[in-house]
Amino acid sequence: MGRKRAPAANTPSSTAQPSPTVTAHPLASEAKTKAMPPREGSRWLRTCVRIVALGAAIAAAYMAKESTHVLCLTSLTSEPPKAQSQNVGFMAQVLQKSKGQNICKPEGVISDTCTDFNGAETLRHRIWSPLDKMIRTKFFRTLKVDLYKPCEFWRTEGSCFQRDCIVKPLDDHNVPEPWQQQTVDHTNFGPFLGSFPRQRLEHSDKDFAIVNDETYGDGIWVDLIENPERFTGYAGAGANAVWMSIYQHNCFGVAPYLQDTAGGWGSQLVNVDGKSMPFVQPPRRRRELLFFLENMSEEERGVTLPTDVPLEYRIFYRIVSGLHASISTHICSDYLNSTTNEWEPNLGCFISRIGAFPDRLQNIYFNFVLLSRAIQKMEPYLANYDYSTGISKDDRAVKRLMPKMLRAVKNSGFVFDEKELFQDEFGPAMKTEFKDNFRNISRIMDCTGCEKCRLWGKTQTLGIATALKALFSYPDKSFRGSFTTLDFKRNEIVALITTYFQFSYSIKGIEMFRGMYQDFVTDWRASQLD
């Protein structure tokens with residue numbers, strides 16, 4: 001299939017540290033060119049080019065002086081302007097209106113999938129109503145999570161005790177009684193009567209994450225609707241340590257450089273002087289948007305994700321990046337305005353964390369497509385699953401809404417081909433390494449000092465892991481017939497559907513911020529006429 005592959009590590013990693021053999025994969029080739037001696041007749045031409053470049057720089061400086069509302073992140077030089085990159089053009093397209101359209105949508109095929117941005121946004125609109133209503137029912141809003149498991153990898157700096165960091169547990173009388181009845185698992189006991197129970201395995205060979213069994217496992221019951229994912233104020237070294245550990249030690253060495261604006265679950269990171277860095281605001285004039293995005297782009301540093309890596313490793317990174325970007329989008333969509341003390345969307349937050357980085361934004365769409373494909377494959381199983389809670393109104397709602405959502409996902413067509421992965425001679429070893437690294441990420445979420453961030457990090461990691469389990473641990477035929485070979489816990493189903501909603505909400509948020517930018521520009525134009 002024309003893909004470059006390399007053997008996986010001999011011993012899969014089971015800690016946060018990477019296997020040393022992984023770094024053998026080339027990430028980018030360095031082309032060495034030899035300068036050609038200039039010809040005698042070219043001196044006059046070069047002098048003219050320099051004069052023209054100097055004139056262009058003077059004109060650009062004059063325009064910048066006139067535009068007092070533009071925030072430039074790099075100073076002007078005497079060099080002629082660069083050609084517009086494809087990625088920066090994509091971001092400008094996301095934020096701008098285009099001729100004849102009310103709101104411009106990103107166009108083109110989503111890399112490593114079988115669909116495009118328009119198809120993903122169309123599907124998002126079709127599933128939104130049934131999905132939004134369904135996650136508010138008792139079955140999907142109730143989850144048991146172990147929030148107090150100690151961090152295995154480093155000594156944490158302590159917990160965040162701010163009001164918005166704390167998770168409100170669910171009272172026992174609000175948990176359906178069948179879920180509270182814990183049965184003794186006799187398979188856990190040794191061969192002699194009265195011996196201590198064996199320690200339960202954290203995962204099976206088919207799992208891509210640590211699965212906390214609600215029946216026997218530790219944890220507290222929570223209401224996900226009462227504990228929404230939003231800005232908590234949690235930031236700093238502890239928040240960054242979580243994501244940096246994930247990217248640096250569990251992404252097979254293919255993650256690009258992380259800018260400070262990508263870190264944390266809370267507010268913008270503090271600068272070296274201890275003061276909070278303000279969010280970057282976009283320009284008010286459309287003609288200046290490309291220059292603004294070019295200055296913020298990670299391409300300036302030459303650190304965009306390379307393509308010369310195995311497909312499996314690239315997809316692993318896209319999953320992690322998309323999860324990170326989606327969480328950041330939720331924070332920016334529900335941000336606490338310290339002046340008004342109101343929760344509201346923050347355009348500057350979105351631009352700083354997501355909007356200026358094409359890879360991050362595109363990976364949100366990628367994860368949405370990946371989850372859609374998993375739900376397509378699981379459709380017969382999900383359609384016949386028992387969602388009973390004993391609350392008649394909610395049980396009837398799920399029976400009515402689940403088929404609507406499944407039908408919309410099924411009718412969206414073939415969106416992702418999971419059979420392209422793990423197929424060559426290195427496939428089995430790479431799949432094992434893929435699982436081990438993703439399980440590590442679910443463990444690293446225990447190192448988050450913010451309870452609410454830990455709740456949503458663990459829930460969404462489990463949701464994606466459930467999708468990966470469906471795609472890569474079971475053949476298609478397992479989801480037909482009696483489903484006897486399938487092993488999905490209730491919390492895996494809840495996490496899958498909840499995570500699907502979270503990514504749907506992220507794409508909805510992108511559309512909202514797109515509209516906010518249009519209003520931002522329109523309001524500025526109106527102010528110039530006064």
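What you are looking at is a predicted structure, and each value in this text was computed from that prediction instead of being measured.

Each value, and the rule that gives it
Here the residue numbering is sequential within each chain, running from 1 through the sequence in written order. Residues qualify for local features only when their pLDDT is at least 70, as the model is predicted, and side-chain atom pairs are given and counted only at 80 or more; totals for whole chains, interfaces and linings, by contrast, use all residues. Heavy atoms throughout the structure, all of them, feed into the side-chain values; hydrogens and water do not. A run of H or I in DSSP counts as a helix once it spans at least four residues, and a run of E counts as a strand once it spans at least two, with each numbered from the N terminus. Only protein chains enter the accessibility calculation, which uses a 1.4 Å probe. A residue is then buried if its area is under 20% of the maximum for its type, exposed if over 50%, and partly exposed in between. Two residues qualify as a contact provided that any one of their heavy atoms is within 4.5 Å of a heavy atom in the partner residue. In this analysis, strands are considered paired if DSSP registers two or more bridges between them. Only residues whose relative accessible area exceeds 30% and that form no salt bridge enter a patch; like-charged residues are grouped when within 9 Å of one another, and nonpolar side chains (Val, Leu, Ile, Met, Phe, Trp, Tyr) when within 5 Å. All accessible areas in this document rest on Shrake-Rupley with a 1.4 Å probe, and a residue is counted as covered only by the protein chains that are shown. Salt bridge criterion: a side-chain nitrogen from Lys or Arg within 4 Å of a carboxyl oxygen from Asp or Glu. Positive charge is attributed to Lys and Arg, negative charge to Asp and Glu, and no charge count is given to His or to the chain ends. We put the charge of a Lys on NZ, of an Arg on CZ, of an Asp on CG and of a Glu on CD. In this analysis, axes come from line fits to C-alpha atoms, helices being fitted only over the stretch in contact, and the angle between any two N-to-C directions falls in the range 0 to 180 degrees. What sets the label is the angle itself: under 35 degrees gives roughly parallel, over 145 gives roughly antiparallel, 65 to 115 gives roughly perpendicular, and the rest give oblique. Note: crossing handedness is left-handed where the near helix turns anticlockwise from the far helix by less than a right angle, and right-handed where it turns clockwise. Note on residue classes: Ala, Val, Leu, Ile, Met, Phe, Trp, Tyr, Cys and Pro are nonpolar, Asp, Glu, Lys and Arg are charged, and everything else, Gly too, is polar. For Phe, Tyr and Trp, where Trp contributes only its six-membered ring, two rings pair if their centres lie within 6.5 Å, and the inter-plane angle classes them as stacked under 30 degrees, edge-to-face over 60, or tilted in between. In this analysis the charged atom, NZ for Lys or CZ for Arg, is taken to sit over a ring once it is within 6 Å of the ring centre and within 35 degrees of the ring normal. Two N or O atoms form a polar contact when they lie within 3.5 Å of each other; inside protein one atom must be a possible hydrogen donor and the other a possible acceptor, and for residues adjacent in sequence the pair counts only when both atoms belong to side chains.

Trainee: Which parts of the structure should I look at to understand the side chain of Ser328?
Mentor: As for its placement among the helices and strands, Ser328 is situated in helix 8 (residues 311-333). Classification of Ser328 as buried rests on a relative accessible area of 2%. Each residue touching Ser328, except ones within four places of it in the same chain, is listed here: Arg353 and Ile354.

Trainee: What should I look at first to understand the pairing of strand 1 (residues 142-145) in this one?
Mentor: Both faces of the sheet carry side chains from a regular strand, because those side chains alternate between them. Across the two faces of strand 1 the burial is the same, with Thr142 and Lys144 and Leu143 and Val145 all buried. Across four bridges, the pairing between strand 1 and strand 2 (residues 220-223) is antiparallel. If you follow Lys144 over to strand 2, its bridge partner there is Trp221.

Trainee: Any chance you could explain a positive patch on the surface here in plain terms?
Mentor: On the surface, Lys133, Lys393, Arg396, Arg400, Lys404 and Arg407 cluster together into a positively charged patch. Ranked by residue count, the leading element in the positive patch is helix 11 (residues 392-410), at five residues. Checked against the element boundaries, Lys133 lands in helix 3 (residues 117-134). A relative accessible area of 46% means that Lys133 is categorised as partly exposed.

Trainee: What's the story with unusual backbone geometry in this structure? I'm lost.
Mentor: In terms of backbone geometry, most residues other than glycine have negative phi values and most peptide bonds are trans. One non-glycine residue, Asp112, lies in the positive phi region at around 70 degrees. Inspection of the secondary structure puts Asp112 in the loop between helix 2 (86-95) and helix 3. In this structure, Phe422 takes a positive phi of about 60 degrees despite not being glycine. Following the sequence through the fold, Phe422 ends up in the loop between helix 11 and helix 12 (427-444).

Trainee: Quick question: what am I supposed to make of the packing of helix 3 against helix 10 (residues 358-383) here?
Mentor: For any two helices packed against each other, the geometry is given by the interaxial angle and the distance between the axes. Viewed as axis vectors pointing N to C, helix 3 and helix 10 meet at an angle of 60 degrees, and their least axial separation amounts to 10 Å. Between helix 3 and helix 10, the angle is such that the two are oblique. Seen from above, helix 3 lies across helix 10 with left-handed handedness. Between helix 3 and helix 10, the contacting residues are Phe117, Ala120, Glu121, Leu123, Arg124 and Ile127 on the first element and Gln362, Tyr365, Phe368, Val369 and Ser372 on the second. For the contact of helix 3 with helix 10, a count of residues per class yields seven nonpolar, two polar and two charged.

Trainee: Help me understand the packing of aromatic side chains, please; the structure alone is not making it clear to me.
Mentor: Working definition: an aromatic ring pair is given by the centre-to-centre distance plus the angle between the planes. Under the counting rule described, the total for this entry stands at 24 aromatic pairs. A centroid spacing of 4.9 Å and a plane angle of 75 degrees characterise the contact between Phe139 and Phe140, whose relative ring orientation is edge-to-face. There is no split in this pair, since Phe139 and Phe140 are both buried. Summarising the aromatic geometry, the rings of Phe316 and Phe438 are spaced 5.9 Å apart at their centres and angled 85 degrees between planes, so their arrangement reads as edge-to-face. In this pair, Phe316 sits in helix 8 while Phe438 sits in helix 12, placing the two residues 122 residues apart along the sequence. With a relative accessible area of 0%, Phe316 lands in the buried category. Linked through ring pairs, Phe139, Phe140, Trp179, Trp221, Tyr381, Tyr385, Tyr387, Tyr474, Phe479, Phe483 and Phe488 together constitute an aromatic cluster. When the ring centre of Phe488 is taken as reference, the NZ or CZ atom of Lys469 above it lies at 4.8 Å. Positioned above the aromatic ring of Trp179, the side-chain terminus of Arg490 is 3.8 Å from the ring centre.

Trainee: Which parts of the structure should I look at to understand the environment of Asp417?
Mentor: Checked against the element boundaries, Asp417 lands in the loop between helix 11 and helix 12. The exposure class of Asp417 is partly exposed, given its relative accessible area of 23%. With 303 residues separating them in the primary sequence, Asp417 and Cys114 have C-alpha atoms 7.1 Å apart. Reaching out from Asp417, the side chain makes a polar contact with the backbone nitrogen of Lys419 at a distance of 3.1 Å.

Trainee: Explain the side chain of Thr115 here, please?
Mentor: As for its placement among the helices and strands, Thr115 is situated in the loop between helix 2 and helix 3. Thr115 gets classed as buried once you look at its relative accessible area, which sits at 15%. In this view, Thr115 contacts Val109, Ile110, Ala120, Val369 and Val415; residues no more than four positions away in its chain are not counted.

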